Amino acid sequence: MNPLPLVAVAGSPNAGKSALFNALTGARQKVGNYPGVTVERHSGRLTLADGRPLELVDLPGAYSLDPASPDEAVTRDVLLGKQKGERQPDALVIVVDASNLDNHLRFALQLIELGLPTIVALNMIDLARRDGLELDAKRLEAELGIPVIETVAVRKRGIAELRSALDDMLSAPARALTERAPSELIQLQRRARDIAKSAVVSESPVRRWTHLLDGVLLHPVVGPVILAAVLFIMFQAVFAWSEVPIGWIESGMALLAEGATNVIPDGLLRSLVVDGVIGGVGAVVVFLPQILILFLFILLLEASGYMVRAAFLMDKLMHGAGLSGRAFIPLLSSFACAVPGIMATRTIDNPKDRLTTILVAPLMTCSARLPVYTLIIAAFIPDRSVGPGIGLQGLVMFGLYVTGVAGALLAALALRRTITRGGGGGFMMELPKYQMPRAKDVVIGLYQRAMIFLKRAGTIILGTTILLWALASFPPAKPGESQIEASIAGKIANGIEVVVRPIGFNRDISLALLPAMAAREVAVSAIATVYSIDASDEEAAQAPLAERLQGRWSLATALAFLVWFVFAPQCISTIAVTRRETNSWRWPLFMVGYLFALAYIAAGATYWTAVALGL
Amino acid sequence: MNAPFQPESISLDQLKVGTRASIASVDWASLEESEAARLRHFGFDEGVSVEPLHLGPFGRDPLAIRVGRMTVAIRRSHARAVRVNLSA
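Residues numbered from 1 in each chain as written. Chains lettered and ligands numbered in written order. Predicted model: local features only at pLDDT ≥ 70, side-chain atom pairs only at ≥ 80, totals over all residues.

1. Brief notes about the overall build of chain A
Part 1: Counting its regular elements, chain A contains 28 helices and 12 strands.
Part 2: The C-alpha atoms of chain A give 28 Å as radius of gyration, which agrees with the globular expectation for 615 residues (25 Å, within 12%).
Part 3: Across the 615 residues that make up chain A, the buried fraction comes to 45%.
Part 4: Sequence-distant contacts in chain A: of pairs separated by 6 or more residues, those separated by 24 or more amount to 72%. (Helix = DSSP H or I, 4+ residues; strand = E, 2+ residues; numbered from the N terminus. Rg over C-alpha atoms; globule rule 2.2 N^0.38 Å. Buried ≥ 20, exposed ≤ 12 C-beta atoms within 10 Å, placed from the backbone. Contact = placed C-beta atoms within 7 Å.)

Written out as structure tokens, the structure is:
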């Protein structure tokens, strides 16, 4: 069986390539990864008029065949037939932005030189007309020597014509590839400008709407204020809108656990299903609403063109920490959860910038730390005022957030000078025209993100939660003995205790640290379990956890515990997603190592200082 | 190249917002390879018309620059590698 003919969709960034791809293939797409790199491969099927199927692949946007980013390297390698796991395309659809011909034609000319059967989609022709640009497509066709089809991908205009042109092209006998020396990029650029000039019938000043909007959104004073407002709304939404669906997921999981408890007889299997699988996976799936809301905002900001403006506004501040403006949104997202934050680093071109951003993202205080902070602060920090409208408890909470941010910036600076040294750290981005995001493209993007989270991270998380369950369940406790003490986890806790004793951690904390690897907030329930088992009488067991903690932990221990959670990488999901996004175990292991080291030193310093101060 | 009259050129980062100029030369050697490639991708080339449109709010960095029909953001340090003529 011959494989399906492969048609690649290629074009410069912001040419509307993905919208055209979505219009051609619909929602039925396959998202995978090119082997060895973290560049997504989007492919879909298309049926021609005569019923012949073909495979369409959406190549990463590139400005030329001389790559300046890993994405562009994949595009080049696929087009030259050198990409592992991909055959050379049989034909090309080159997407160019009609209102940016003098730039986009350069890459088009370079691709035409490859000699493959090729069609040019003159995309966003409506926006070009709106901007007062009249183009002569026939003239362009004559100059390029290949078919040119006018398209408006977001309105599905020209799609039928494009399909029939594809049909004609693939029906024609294949030409022999001509081996020609590729032209110099600068020559192609000059030729592109000449062709663009000849194809333009009339033009008026460029991109009026975008200029007007930029005048406000990039204004030195108004711009940052609007950005702050947008981010405020985004975070309000992440927490407020997610409450209800999180409730549904929690009650769904509870129902599931109840059902499983009723069906499966008491014993190991029930414990595995209820505590291991349902409990463990539930603890992670609960984050899905927040992740989806966050990604909804990120996709809208990206599709509208505002994301690049946000990066523009924040670049100088990020530059101070050795990062680029592109790192701003991923790091900000990490305040909700590091998993979508790390996934969002894909927009960072420079591999070293991206790696640095991934490595410091877990230092942003994510929402899973809140239950831990809330419990410890309520138990140990007196609820009194330290100034008009400023409570001590709130101040400590704020301090923990600031410590995380400061830690991230310092870590980024240190990494940029050592492990991820060099490689520019520059900031060079196109500011695309503003566009109304289209619902279909956003929904497709959101669905793909959700699947990545559930499938990829899900498999690793399921495996590790079962492992953690096994560690906590074997060997079974004898009557009168607490399960967690008797288990392998308990034995491991003995080992952990030796290590963490110097920084003021007691046995309860040692026992909580291992289960908290599944998710940070599990630390709270783990501590609760230990105390409810150990409580001598009914009354004590009824007392709130915070009150029971007060008698058992010194203030110094509590503070050290808080600082530990600022730094410690207590989250399997983060480690799993880092593994996926860096495509190796090396970087997640490095991340875990350096964050635990930081956590240990910082918690220790806090404990010893507090003890010295007599707290 | 052989321009009949070469008015005094200034570096792109000195050009005032809203002033059009044409690129006189680019000091490609002062840029890292990938940065130089990116500037070429953006269409930076001798004779191309440029115009700074916006400056970053902190330290007037980065710069949003119109190049041909495109708007791009680059840092001030990179803009220094580009010399422009105020003519035209």
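2. Looking at the pairing of strand 5 (residues 70-74) of chain B
Part 1: The buried fraction of strand 5 of chain B is high, at five of five residues.
Part 2: Alternating residues of strand 5 of chain B divide into Met70(B), Val72(B) and Ile74(B) and Thr71(B) and Ala73(B), and every residue in both groups is buried.
Part 3: Alignment of strand 12 (residues 429-430) of chain A against strand 5 of chain B, held across two bridges, turns out to be antiparallel. Bridge assignment links Glu430(A) to a residue of strand 5 of chain B, and that residue is Val72(B).
Part 4: Here strand 4 (residues 63-67) of chain B hands over to strand 5 of chain B after two residues, with Gly68(B) in that stretch at a positive phi of 60°. (Pairing = 2+ DSSP bridges.)

3. Let's talk about the confidence of the model for chain B
Residue and element names in this part refer to chain B.
Part 1: Residues with a pLDDT of 70 or more make up 90% of chain B, whose mean pLDDT is 88.
Part 2: The least confident element of chain B is helix 1 (residues 33-41), whose mean pLDDT is 87; the most confident is strand 4, at 95.
Part 3: Reported confidence for the predicted complex is 0.91 by ipTM and 0.81 by pTM. (pLDDT = per-residue confidence, 0-100.)

4. Observations regarding unusual backbone geometry
Most of the time, phi is negative for any residue but glycine, and the peptide bond is trans.
Part 1: A cis amide bond, omega -5°, links Asp61(B) with the succeeding residue Pro62(B).
Part 2: With respect to the helices, strands and loops of the structure, Pro62(B) is situated in the loop between strand 3 (49-55) and strand 4.
Part 3: Unlike most non-glycine residues, Asn14(A) shows phi in positive territory, near 70°.
Part 4: Among the secondary structure elements, Asn14(A) is positioned in the loop between strand 1 (6-11) and helix 1 (17-25).

5. A short note on the sheet that holds strand 3 of chain B
Part 1: The strand order across the open sheet formed by seven strands is 12(A)-5(B)-4(B)-3(B)-2(B)-6(B)-1(B), and the pairing between neighbours is antiparallel. Since the sheet does not close on itself, it has two edges, and those belong to strand 12 of chain A together with strand 1 (9-11) of chain B, each with one partner.
Part 2: Here two bridges tie strand 2 (residues 21-26) of chain B to strand 3 of chain B, and the two strands are oriented antiparallel to one another. From the neighbouring strand, Ala21(B) faces strand 3 of chain B, where its bridge partner is Val50(B).

6. Quick look at the nonpolar core
Part 1: Grouped together as the largest cluster of nonpolar side chains are 131 residues, with contacts concentrated most on Ala560(A), Phe561(A), Trp564(A), Val72(B) and Ala73(B).
Part 2: The element contributing the most residues to this core is helix 26 (residues 555-567) of chain A, with 11 residues.
Part 3: Residues in contact with Trp564(A), not counting those within four places in the same chain, are Ala599(A) and Ala603(A).
Part 4: Listed in part, the 60 residues of the second largest apolar core include Val78(A), Leu127(A), Leu135(A) and Leu162(A). (Core = buried A, V, L, I, M, F, W, Y, C linked by C-beta atoms within 7 Å.)

7. Structural notes on the interface of chain B and chain A
Part 1: Contact residues are listed per partner, giving 29 residues for chain B and 29 residues for chain A.
Part 2: Every element with two or more residues in the side of chain B that touches chain A is listed here: helix 1, strand 3 and strand 5 of chain B.
Part 3: When residues of the side of chain B that touches chain A are assigned to their parent elements, the largest contribution, six residues, is made by helix 1 of chain B.
Part 4: Classifying every residue of the side of chain B that touches chain A by side-chain character gives 12 nonpolar, nine polar and eight charged. (Nonpolar A, V, L, I, M, F, W, Y, C, P; charged D, E, K, R; others polar.)

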